[in-house]
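Report on the structure
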Amino acid sequence: MTQIQNMILQQAPHDERISEIVYDEIPMIVIRHSEFDAIFSKQGAQLLHWQPKKSAAPVIWLSNTSFFKQAVAIRGGVPICWPWFGDAGKPAHGFARNVLWELDRVEWTEEKAICTFVLTQNEQTLAIFPFPFTVSLTAELGETCTLTLKAQGDFESTAALHSYFAINDIQKTTVSGLGATYHERLSAPNLPKIEGCMRFDQEVDRIYTAPESIQIICDQQRKIEIKQDQVSDVVVWNPWQARCETMKDMENNGFEQFVCVESARLQQPITTPQQQTGTIGVKITVHAKS
Ligand code: TA6
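Scope of this entry: the structure provided in the associated data block.

The rules behind each value
- Residues numbered from 1 in each chain as written.
- Predicted model: local features only at pLDDT ≥ 70, side-chain atom pairs only at ≥ 80, totals over all residues.
- Heavy atoms only, no water.
- Helix = DSSP H or I, 4+ residues; strand = E, 2+ residues; numbered from the N terminus.
- Rg over C-alpha atoms; globule rule 2.2 N^0.38 Å.
- Buried < 20%, exposed > 50% of the residue type's maximum accessible area, 1.4 Å probe, protein only.
- Contact = heavy atoms within 4.5 Å.
- Areas by Shrake-Rupley, 256 points an atom, 1.4 Å probe, with all protein chains shown as cover.
- Near = heavy atom within 4 Å.
- Polar contact = N/O pair within 3.5 Å; in protein donor to acceptor, adjacent residues only side chain to side chain.
- Nonpolar A, V, L, I, M, F, W, Y, C, P; charged D, E, K, R; others polar.

Digging into the overall build of the protein
For the protein, the helix and strand inventory stands at 3 helices and 21 strands. Scaling as 2.2 N^0.38, a compact globule of 290 residues should have a C-alpha radius of gyration of about 19 Å, and the protein matches this with 18 Å. With respect to the three principal axes, the spread of C-alpha positions in the protein is 45 × 45 × 35 Å. Looking at the 290 residues of the protein, the share that counts as buried comes to 56%. Considering only intrachain contacts with a sequence separation of at least 6, the fraction spanning at least 24 residues in the protein is 62%. Of the roughly 12600 Å² of accessible surface on the protein, 46% is carried by carbon and sulfur atoms.

Re the site of the ligand
Neighbouring the ligand are Arg75, Phe85, His93, Arg97, His162, Arg185, Asp205, Val235, Trp237, Arg243 and Glu262. Within the contact set of the ligand, an oxygen atom lies 2.8 Å away from a side-chain nitrogen or oxygen of arginine 185. Note that an oxygen atom of the ligand is positioned 2.5 Å from one of the side-chain N or O atoms of aspartate 205. Coverage of the ligand by the protein chains reaches 84% of its 390 Å² of free accessible surface. Within the shell around the ligand, the residues separate by chemical class into 3 nonpolar, 2 polar and 6 charged.

Spelled out as structure tokens, the structure:
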């Protein structure tokens, strides 16, 4: 567990299964379930922590030096990029991760908790993006974690669940199931190649355009299975050392501890004027290494 995940968990009442606290400037939802612990930031409906009780370590990575300030993106977790990805507009990766969402409902069973967060247009969003819309994130958390983003609006929008997965050493981690075709987003020489599995020895920023429906992250301790739903692209990102050292919201060795494998709708927008609702989802399962 990163220190910051632990600090947020410690700040929440220990005897309440679901509680709302404010960490620095950010309202957080902390969930203590017999099957897992989890933290959401209400800013961005961003999952910041999920650890099934059977898992020795958190599955989602959160930077110890992330900012927790209003309207500032949180480094780690599962940021929701919408209604655009990357630098297609300002702010980068859309505004959804920078604004407060409502926790609309929670369903609780012995096996899981299902939380739904909703965002609709408001004064803050209309100042950036002058259209009415509704987006929702449904998180079904238990022994597995399923995240489903639904978007509705009369415009073209792209989306990504920009998941930061916790690993124990990037240099000993592989990612499989990416497919063979990709857009390179960097101009670095000696680009890493895929030979069955992608290995990491430098900065990576690629949009895989024909991904398989399942990716597997394999580190020294476990396998994380990422099952995509209605995804047209999978983005893989790791900033590596030099870039990481320029990032104020990441420790200098932060890049060793995560890999982003992002579920995206870039080639096929999630909404268009002709198809005004769209969905994207991911199911995350942790397996012991055989
Ligand atoms: O998804 C990869 C990426 O777009 C990279 O280019 C990198 O910049 C990363 O996301 C993080 O973006 P952020 O705006 O959160 O700093």
